[in-house]
Amino acid sequence: MVLSDRTLKEEIAAGRLVIDPLDPEDIQPASIDVHLDNLFRVFKVSSRPYIDVREPMDDLTEEVIITEERPFFIHPGEFVLASTLQIITLPDDILAQVEGKSSLGRIGLLIHATAGFVDPGWHGKLTLELSNVAKMPIALHYNMKIGQLSFLRMSTPVDRPYGSASLRSKYQGQMAPTPSRAHTEFDKK
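Being a predicted model, the structure only gives us computed values, none of them experimental.

1. Concerning the side chain of Lys-101
- Along the polypeptide, Lys-101 turns up in the loop between β8 (94-100) and α2 (102-105).
- For Lys-101, a relative accessible area of 18% corresponds to the buried category.
- Beyond its immediate chain neighbours, meaning those up to four positions away, Lys-101 contacts Asp-33, Lys-145, Ile-146, Gly-147 and Gln-148.

2. Describing the sheet that holds strand β2 (residues 32-35)
- As summarised here, the arrangement of the four strands in space is β2-β14-β8-β10, forming an open sheet in which the pairing is antiparallel. Either end of the sheet is taken by a strand with one partner, and the two such strands are β2 and β10 (117-118).
- In the sheet, β8 pairs with β10 via two bridges, with the strands oriented antiparallel. Residue pairing in the sheet places Ala-96 in a bridge with Val-118 of β10.
- Against the sheet, helix α1 (residues 5-13) engages β2, β8 and β14 (145-153), with an angle of about 85° to β14.

3. Looking at the sheet that holds strand β12 (residues 127-132)
- Within the open sheet, the five strands sit side by side as β4-β3-β6-β12-β9. Their pairing is antiparallel. Sheet topology places β4 (61-65) and β9 (109-110) at the edges, where each strand pairs with a single neighbour.

Cut-off values and rules
- Residues numbered from 1 in each chain as written.
- Predicted model: local features only at pLDDT ≥ 70, side-chain atom pairs only at ≥ 80, totals over all residues.
- Heavy atoms only, no water.
- Helix = DSSP H or I, 4+ residues; strand = E, 2+ residues; numbered from the N terminus.
- Buried < 20%, exposed > 50% of the residue type's maximum accessible area, 1.4 Å probe, protein only.
- Contact = heavy atoms within 4.5 Å.
- Pairing = 2+ DSSP bridges.
- Axes fitted to C-alpha atoms, helices over the stretch in contact; angles between N-to-C directions.

What follows is the structure, given as structure tokens:
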């Protein structure tokens with residue numbers, strides 16, 4: 001069941017659901033708006049002949065930091081990583097789903113390719129997978145509304161929340177856009 005604004009406020013007041021910082025105006029009827037942070041990871045030209053998911057990929061991107069005065073321009077066909085300004089902490093019985101803002105989708109900005117699901121137990125900033133499918137560059141500004149999170153209650157608390165040692169959670173606690181860590185799935189367990 002999707003949590004309503006009333007239930008979201010109750011969960012936040014109880015300290016079970018944490019969105020930091022949180023502007024009360026960002027609480028919508030069935031979601032909470034999230035804002036864009038100032039750090040991006042931009043894919044650069046590489047001498048690699050291909051991307052091997054068994055190998056670390058940190059060298060495929062470089063950081064770009066924007067200011068309140070200087071936006072980031074995402075060009076047509078470009079794919080970049082960004083993150084939410086908010087740090088999100090979920091209890092063991094609530095999950096979140098990341099969705100784009102309708103007004104941004106209408107100009108061709110997509111905010112996630114596949115990572116739209118946030119497991120119970122998550123803590124950190126969310127990495128966004130931004131794509132521009134429009135025919136013109138789009139200016140992205142620090143602290144702009146970039147997406148929304150809807151929240152669902154699990155049928156029971158989970159046995160192993162995200163971040164549990166046995167899960168080897170790759171992104172728990174991230175505070176910036178984080179490159180793929182798919183290679184860790186090939187490491188010896």
